[in-house]
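Structural features, examined
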Amino acid sequence: MSHTNESGLETDGQLTDEQLFGHLAEADTVDLSRRERLERILDAYVLAPGRIAWNDWRTRVGILVVTLFVFSGTIGPRLVTAPGTNQAPNDLRPFHGGIAALWEEGGWIDFGFSHRLSLGAISVPGVDIRFPLGADNYGTPIGRNLVHATPDMLEMVVAGAIISVGLAAMFGITAGYKGGKVDEFLMYVTDVVMTMPGLPLLIVLTAIWSPRQAWVVGAVLAIDAWPGLARALRSQVLTLRQESYVEASRTMGLSSSTILARDISPQLMPYILINFANAGRQVVFGSVALYFLGVLPFTSANWGIMMQTAYSEAHALVNLSNFYQIFWPMAAVVVLSFGLILFAQGMDRVFNPRIRARHAKKVGSDEEQLN
Amino acid sequence: MRYFAKRAIHAVVTLVSVTTITFALFRLMPGNPAQAMRAQFEADMEAGGGTADPEVLDAMVEQHTGFDPDQPWYVQYVEYLQDIILYQDFGHSYFYNDPVFDILFTAMPWSVFISVYGLAFGYTTNILLGAAMAYKEGSRFDSYMTVLATFLNSVPYYVGAILFLAFFGYELGLFPTGGRYNTSLETGLNVRFMASISYHAVLPIMSSFIVGFGGGALSMRGNSIRILGEDYLRVARLRGISSTRIATRYVARNAILPLYTQMMIGIAAVFSSSVLLEFIFTYPGVGWYTFDAVMRRDYPLLMGSFLFFTIVTLIGILIAEFTYGLVDPRIGSGDHSESY
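From a predicted model like this one, the values you see are computed outputs, not experimental measurements.

Moving on to the environment of Leu-268 of chain A. Residues and elements named next belong to chain A. Relative to the elements of secondary structure, Leu-268 occurs in helix H10 (residues 256–293). Assessed through its relative accessible area of 0%, Leu-268 is described here as buried. Taking the C-alpha atoms as reference points, Leu-268 and Ala-316, separated by 48 residues in sequence, lie 45 Å from one another. In this view, Leu-268 contacts Ile-173, Leu-233, Gln-236, Val-237 and Leu-240; residues no more than four positions away in its chain are not counted.

With that out of the way, let us pick up unusual backbone geometry. All names here are of chain B. Even without being a glycine, Thr-282 presents a positive backbone phi close to 35 degrees. One can find Thr-282 in the loop between helix H11 (243–280) and helix H12 (286–296). Residue Thr-282 is classed as partly exposed on the basis of its relative accessible area of 41%.

Turning our attention to the nonpolar core. Grouped burial of nonpolar side chains is what soluble globular proteins tend to show. The biggest cluster of nonpolar side chains holds 133 residues, and the ones touching the most others in it are Leu-293, Trp-303 and Ile-326 of chain A together with Tyr-158, Ile-162, Leu-276 and Ile-280 of chain B. Counting residues per element, this core draws most heavily on H11 of chain B, at 17 residues. Ranked by size, the runner-up nonpolar core spans 23 residues in total, among them Val-165, Ala-168, Ile-264 and Ala-279 of chain A.

Once that is clear, we can look at H12 of chain B. Burial analysis of H12 of chain B places eight of its 11 residues in the buried class, the great majority of the element. If you check which residues of H12 of chain B are buried, you get Val-286, Gly-287, Tyr-289, Thr-290, Phe-291, Asp-292, Ala-293 and Val-294 of chain B.

Right, let's get into the interface of chain B and chain A. Contact residues are listed per partner, giving 51 residues for chain B and 50 residues for chain A. With both sides pooled, the region where chain B packs onto chain A buries about 4600 Å², and carbon together with sulfur makes up 77% of that total. Linking chain B with chain A are zero salt bridges, by the criterion used here. Taken together, chain B and chain A are joined by five residue pairs in polar contact (both at pLDDT 80 or more).

The next point concerns the packing of aromatic side chains. Across all of its chains, the model carries 19 aromatic pairs over all chains by this definition. Between the aromatic rings of Tyr-117 of chain B and Phe-121 of chain B, the centroid separation amounts to 6.1 Å while the plane-to-plane angle is 45 degrees, which identifies the pairing as tilted. Remark: Phe-121 of chain B and Tyr-117 of chain B occur in helix H5 (residues 100–135); sequence separation between them is four residues, near one turn of the helix. Residue classification places Tyr-117 of chain B among the partly exposed residues on the basis of a relative accessible area of 41%. Of the aromatic side chains, those joined through ring pairs into one cluster are Phe-292 and Tyr-311 of chain A together with Phe-279 and Phe-291 of chain B.

Rules used in this analysis
Counting of residues starts from 1 at the beginning of each chain's written sequence and follows it residue by residue. Key to labels: chains lettered from A, ligands numbered from 1, both in the order written. For a predicted model such as this one, the threshold for reporting local features is a pLDDT of at least 70, and the threshold for listing and counting side-chain atom pairs is 80 or more; totals across whole chains, interfaces and linings nevertheless cover every residue. Note that water and hydrogens are dropped before the side-chain values are worked out from all heavy atoms of the structure. Going along the chain from the N terminus, every DSSP run of H or I of four or more residues is numbered as a helix, and every run of E of two or more is numbered as a strand. Exposure classes here rest on a 1.4 Å probe applied to the protein chains alone. A residue is buried below 20% of its type maximum, exposed above 50%, and partly exposed in between. In this description, contact between two residues means that some pair of their heavy atoms is separated by no more than 4.5 Å. Within this scheme, the nonpolar core is defined by two criteria: the residues are buried Ala, Val, Leu, Ile, Met, Phe, Trp, Tyr or Cys, and they are joined through side-chain atoms within 4.5 Å. Buried area is a sum: the accessible area each of two parts loses on coming together, probed at 1.4 Å, counted once for each and added. Salt bridges are counted wherever a side-chain nitrogen of Lys or Arg sits within 4 Å of a carboxyl oxygen of Asp or Glu. The term polar contact refers here to a pair of N or O atoms within 3.5 Å; inside protein, the definition further demands a hydrogen-donor-capable atom paired with an acceptor-capable atom, and it admits residues adjacent in sequence only when both atoms are side-chain atoms. Note on ring pairs: Phe, Tyr and Trp rings are taken, using the six-membered ring of Trp, and paired if centres are within 6.5 Å. Classes follow the plane angle, with under 30 degrees stacked, over 60 edge-to-face and the rest tilted.

In short, shape yes, function no, at least from these values alone.
Here is the structure:
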């Protein structure tokens, strides 16, 4: 060993083993610490929030519902045939051939061969469902319509939520922190927009423009959604700016932008993110309402338009046998907003520092060593 | 006192701004409603066999819109403001051929009636339910009510209205499906007429209750729980203050404050929701006329109702703000927040 070492020393000249291995070892530790750092970041920002989120049923349901809608909004239209009139029998009841088939002619227990998959005389329940949610009085399958309405809906929600939350954050944080004349002016603008009743304003605006693209509709609907949030953010900032650590930063002479970025925004981010979901919900409510009223132009498939046709043409409220036609789009709205609210509540938990600390691995370990 | 004066001035400035925006919107309307109206009159007159005299046409347009088409926009704007402020003249409805003010003024009380009750019931329930949930925090009641409140929060008020109308109105026949009162009854201050009014208002109020309900109960719960953990409550207990006094003065008062602000925002939401609710319940209030005006492209009526909504909302917010000082004493001395 020593012999080869010495010979190696002679042949290689300057490079000693120590140098070589020391260098390698050093590289190794750098490498490890980087991985460790990555692990820590992963743990702090992805795994711990994920664990907290998944531990709570609300987030689980929320994520599931939102994912379901994102899925049907992105991949759904490719899997499901585009809806059209006369694809199904007119006024087809939901679950025809499914649950309802128990008491229908040619249903589950059927001695005919009308079902594609049957074992002898008994047909396999549910296999014959081609239009599970039924069809409206023009023979347009409701399920297909629902799926094909989702992409536009998501576009509206995302556009509307981004714009309204962005505006609210801009107005609310600046007004709350700056105070004085700036605050007065910004809150005055907010008050004017807030005082104008949302739906009539939107009706007038859409009568002017009659927007056709989904994201424009979302952007217009954002007008109604931001003032409340801006007010709420302002009052949050008003309390935050009185906090001792913000006062300390100010006494230290840090600039307003630094204080806003380091001290105030991190406190507000959770609140803003939670309200992102709420703003999305408001956009869903608003757009479906406008389409239901028939104020927005009938462009593509939309839940509001489905409700409108069910209301005015199938008379779904008077004739309760047609109620399913208005029920499905309403259910879609309710389920989507329920998912968004649960998601927001779950996010609230994720951002709650007390719950978070319990789940973070690396933060807790230091204290345990001390004990 | 200075605070009240300031808020009142604020409201007036807001009103003028909204009126300005309304005026601008009216001018931006597709195909300029005034011109469209002029063309319509021209066609009508020629169909009647007469020749269209431009001056007569202009006079007719002016009577309907309140604008003289030949004047520059700023003169029109000043006259528009003047008409509204001095003469309460919002123009003439194109379809009903009545002054917009008269139509809306008779419809207004009905809208306020159903909205205010919905708002009041919604917020009372919120506060009581939220407080009860906070008091029993962690119990089965709390968790079930949380889920229920979340679910109700995700039901849009119009979905509620549709469900109420379909089941309580058409299917079960418990409540009337439209109208403001039974038209066969003698109008006036008699018991049967009053009963009919409230009977017809039950479903709309139930629906606007959903608007007011919002997330209020949950935020009341959250506020109460947060306040229950505050130091000053412990101090109050150590000082031997009675628990009812703690509950009402220390917890409830502080927990209601954020809700009160939320309610001010909620006022606008409640009034704007009346368009859909009155459409669904065929309840001829301002909302119903607004929708009608959109469908018939009756622009003077549309702009008038838009302004009317704003005025009522402003009055509501003003009342709420004036009473805010009673709920939160800190506000009364307000307006000295340091500027950075």
